[in-house]
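Chain by chain, the residues run as shown.
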Amino acid sequence: MAAGLGTRMRPLSEHWPKPVLPIDGKPVVVTLVHDLAAAGCERIVVVTGHLADQVEALLAPLPYEIRFVRQPPGLGSADAVLRARAVPPYLVLAADNVYAAGDLARFARAGAAADGAIALHGADRPPLWLVGEPVHRFLDPLPGKAPYELRDVFRKAIDAGARVSAIQVGRTRDLTDPVDLVRENFPYLSRT
């Protein structure tokens, strides 16, 4: 999911979409696409929105099967997933986090045994999901009102009896954490 406005990153995100900003000197969305391919994902759907042309131009030359879908602002993660028209099981992640080496592949393997899986990394908003058929079927119609969130789809599935596993992943790097952004990308600014 690479469609958000990046409001916490303003004024930077007024000129560049959040997914093209760097963690460790590389655009987050490029790192994620490489990691997804290394995890065995053969088809990747990138849901774009705000400044979509920049994200699409950056990813189009990569040597993977990538399809782009555009999403209007403010519709949420569940709407993004529905627009992607993915066939379960599939991974869903936001293009503002980078995972430790191999975590996406480990998560995909562990989650494959479950009907649905949620990655946990200590925050109250999981950035990584594996959606199986028992969860996927609750996407349409979208629950509640906009913004439609994937966590609400999972809640609805769990309430209906779907088995969902919480799978721990390692430390993530969050683009929207300004301290992390400065510390990791501009080490010369740190105090000595």
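Refer to the preceding data block for the structure.
Reading the values: the criteria
Residues numbered from 1 in each chain as written. Predicted model: local features only at pLDDT ≥ 70, side-chain atom pairs only at ≥ 80, totals over all residues. Heavy atoms only, no water. Core = buried A, V, L, I, M, F, W, Y, C linked by side-chain atoms within 4.5 Å. Buried < 20%, exposed > 50% of the residue type's maximum accessible area, 1.4 Å probe, protein only. Helix = DSSP H or I, 4+ residues; strand = E, 2+ residues; numbered from the N terminus. Contact = heavy atoms within 4.5 Å. Phe/Tyr/Trp six-rings, centres within 6.5 Å; stacked < 30°, edge-to-face > 60°.

Peer 1: For this particular structure, what's the right way to read the nonpolar core?
Peer 2: Most often, soluble globular proteins keep nonpolar side chains buried together rather than apart. By size, the foremost hydrophobic cluster in this structure holds 29 residues, and its most contacted members are L59, F107 and L128. Broken down by secondary-structure element, the contributors of at least two residues to this core are α1 (28-38), β3 (43-48), α2 (52-59), β5 (90-93), β6 (97-99), α4 (103-111), β7 (116-120) and β8 (128-131). Tallying contributions element by element places α1 first for this core, with six residues. Setting aside its immediate chain neighbours within four residues, L59 contacts V29, V30, V33, V46, I66 and F68.

Peer 1: Would you take a moment to explain the packing of aromatic side chains for this structure?
Peer 2: Here a ring pair, both rings aromatic, is described through the centre-centre distance and the interplanar angle of the planes. Applying the stated rule across the entire model yields one aromatic pair. Residues W129 and F154 carry aromatic rings whose centres are separated by 4.7 Å and whose planes lie at 45 degrees to one another, so their mutual orientation is tilted. Highlighted residues: W129 in strand β8 and F154 in helix α6 (residues 150-159), separated in sequence by 25 residues. Accessibility classification places W129 together with F154 in one group, the buried group.

Peer 1: Teacher, can you tell me more about the environment of A160 here?
Peer 2: Among the secondary structure elements, A160 is positioned in the loop between α6 and β9 (164-168). When the C-alpha atoms of A160 and F138 are compared, they prove to be 9.6 Å apart, with 22 residues separating the residues in sequence.

Peer 1: Looking at this structure, I do not really get helix α3 (residues 76-84). What am I missing?
Peer 2: Think of an α-helix as 3.6 residues a turn; residues three or four steps apart then line up on the same face. By the criterion of burial, α3 is predominantly enclosed, with seven of the nine residues buried. Of the residues making up α3, those classed as buried are G76, S77, A78, D79, A80, V81 and A84. For α3, the elements touching its buried residues are β3, β4 (65-70), β5 and α6. Trailing α3 by a residue or two, R85 shows a phi angle of about 50 degrees, which is positive.

Peer 1: Quick question: what am I supposed to make of unusual backbone geometry here?
Peer 2: Excluding glycine, a negative phi dihedral is what most residues carry, and trans is how most peptide bonds are arranged. That bond from D140 to P141 is cis: its omega, 10 degrees, falls within 30 degrees of zero. Counting through the fold element by element, P141 comes out in the loop between α5 (133-136) and α6. In the segment running from A146 into P147, the intervening peptide bond is cis, with an omega of 0 degrees. The phi dihedral of D24 falls on the positive side, at around 60 degrees, and the residue is not glycine. Looking at the element boundaries, D24 is found in the loop between β1 (22-23) and β2 (26-27).

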